[in-house]
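# Structure assessment
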Amino acid sequence: MSSTQQISQAMEEQITPTVQGAPGLVSRATAAGRAEREDPLQAIAEGRTVPSDIHPSLRPEAIVLEVKNFNLWYGEAQAIYDISMNIPRGQVTALIGPSGCGKSTLLRSVNRLNDLIDIVRIDGEMILNGDAIYGRAVDVIELRKRMGMVFQKSNPFPMSIYENVVYALRIDGVNRKGILDEVCERSLRGAALWDEVKDRLDDLALGLSGGQQQRLCIARAIAAEPEVLLMDEPCSALDPIATSKIEDLIHELRGEYTILIVTHNMQQASRCSDNTAFMYLGRLIEMGQTSDIFTNPHLKATEDYISGRFG
């Protein structure tokens with residue numbers, strides 16, 4: 001068993017007692033401390049402001065993405081409430097929470113996909129490596145080139161495997177075959193797909209299996225060496241075997257890329273991420289290192305969600 005598998009198994013064993021309602025997840029002192037805290041879900045239900053619980057241990061040395069007092073509305077309906085969080089370089093940060101809590105909305109705000117919706121308006125800041133994402137002079141097309149995006153459903157272009165991978169370079173005017181070949185191989189190797197497709201790069205990408213198509217989309221996303229890789233439930237449409245391959249790939253990409261992933265799968269979040277942020281009704285409730293969030297969360301609401309008591 002690999003060290004990664006051993007860590008995942010150990011975390012799952014720590015999570016299991018909570019799911020079964022057995023004692024022992026946290027110490028009595030911690031449980032008593034939680035009892036004194038105000039229930040954030042009740043406060044939200046009553047329309048009151050809820051401060052986010054950001055763990056002190058979550059103090060990364062290098063920040064790729066900063067979110068500062070970010071709010072978003074769809075018309076008159078507010079979907080994101082005053083979220084502030086930092087995404088550390090070279091790590092995987094998972095966004096978890098019930099359906100409709102704003103995870104995907106927040107993720108899509110990073111590369112400004114929500115701009116495509118006329119009734120959306122925002123307040124607050126997002127900063128990518130020192131540059132304001134929502135600055136007045138920002139070229140959105142150029143901004144999106146700095147990020148990779150992987151959606152729930154794989155979306156390969158109706159062209160060859162090769163042309164799918166090098167598409168971003170073609171758009172930027174790169175046509176030297178040697179460079180394109182090098183980027184194609186490097187990206188497909190990075191997406192753990194090279195050995196499966198190296199002899200059929202000219203085949204139509206739509207002929208690949210669902211899991212292969214999703215890995216191809218990841219290869220296309222990393223071909224331009226993005227500053228942050230955004231993943232919106234990348235395994236939700238895949239079978240368990242394909243899901244396992246994507247999770248292994250995320251482990252391989254960790255360190256080289258900064259990844260922000262939305263997932264509904266608690267076991268996947270515990271296996272794949274370094275840090276986890278729990279959201280509820282557009283608010284950031286608690287954020288910390290994944291090992292802490294899943295074995296010793298500060299808030300009972302967080303424990304209740306990850307243990308399946310609600311959501």
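See the structure above.
Read on for an overview of the structure. Please read these numbers as outputs of a predicted model, since none were measured by experiment.

An order of β3-β2-β5-β6 is seen for the four strands of this open sheet, with the pairing classed as antiparallel. Each end of this open sheet is capped by a strand with a single partner; those strands are β3 (77–88) and β6 (131–132). As paired strands, strand β2 (residues 63–74) and strand β5 (residues 120–128) are joined by eight bridges and run antiparallel to one another. Considered in β5, the bridge of valine 67 is made with methionine 126.

What follows is about empty space enclosed by the protein. Enumeration according to the criterion identifies one cavity of 30 Å³ or more in this entry. Taken as a whole, the largest cavity spans an internal volume of roughly 40 Å³. Lining the largest cavity are Leu65, Val67, Met85, Ile87, Leu95, Leu106, Val110, Met126 and Leu260. Where the lining of the largest cavity is concerned, the elements lending two or more residues are β2, β3 and α4 (103–110). Looking at the lining of the largest cavity, its residues break down into nine nonpolar, no polar and no charged.

Sheet architecture is open: seven strands sit in the order β1-β11-β10-β4-β9-β8-β7, paired in mixed fashion. Two strands lie at the open edges of the sheet, namely β1 (53–54) and β7 (147–150), each paired on one side alone. Here six bridges tie strand β10 (residues 275–280) to strand β11 (residues 283–289), and the two strands are oriented antiparallel to one another. By the bridge assignment for β11, threonine 276 is matched with glycine 288. Its contacts with the sheet place α4 against β4 (92–96), β7, β8 (228–232), β9 (259–262) and β10, and it is angled at close to 150° to β8. Sheet contacts for helix α10 (residues 210–222): β7 and β8; angle to β7, the most-contacted strand, approximately 170°.

How each quantity is defined
- Residues numbered from 1 in each chain as written.
- Predicted model: local features only at pLDDT ≥ 70, side-chain atom pairs only at ≥ 80, totals over all residues.
- Heavy atoms only, no water.
- Pairing = 2+ DSSP bridges.
- Helix = DSSP H or I, 4+ residues; strand = E, 2+ residues; numbered from the N terminus.
- 1 Å grid on protein atoms, 1.4 Å probe; cavity = no way out; pocket = protein on both sides within 12 Å on 5 of 7 lines; lining within 4 Å.
- Points joined across faces, edges and corners; volume = space filled by probe spheres on them.
- Nonpolar A, V, L, I, M, F, W, Y, C, P; charged D, E, K, R; others polar.
- Contact = heavy atoms within 4.5 Å.
- Axes fitted to C-alpha atoms, helices over the stretch in contact; angles between N-to-C directions.

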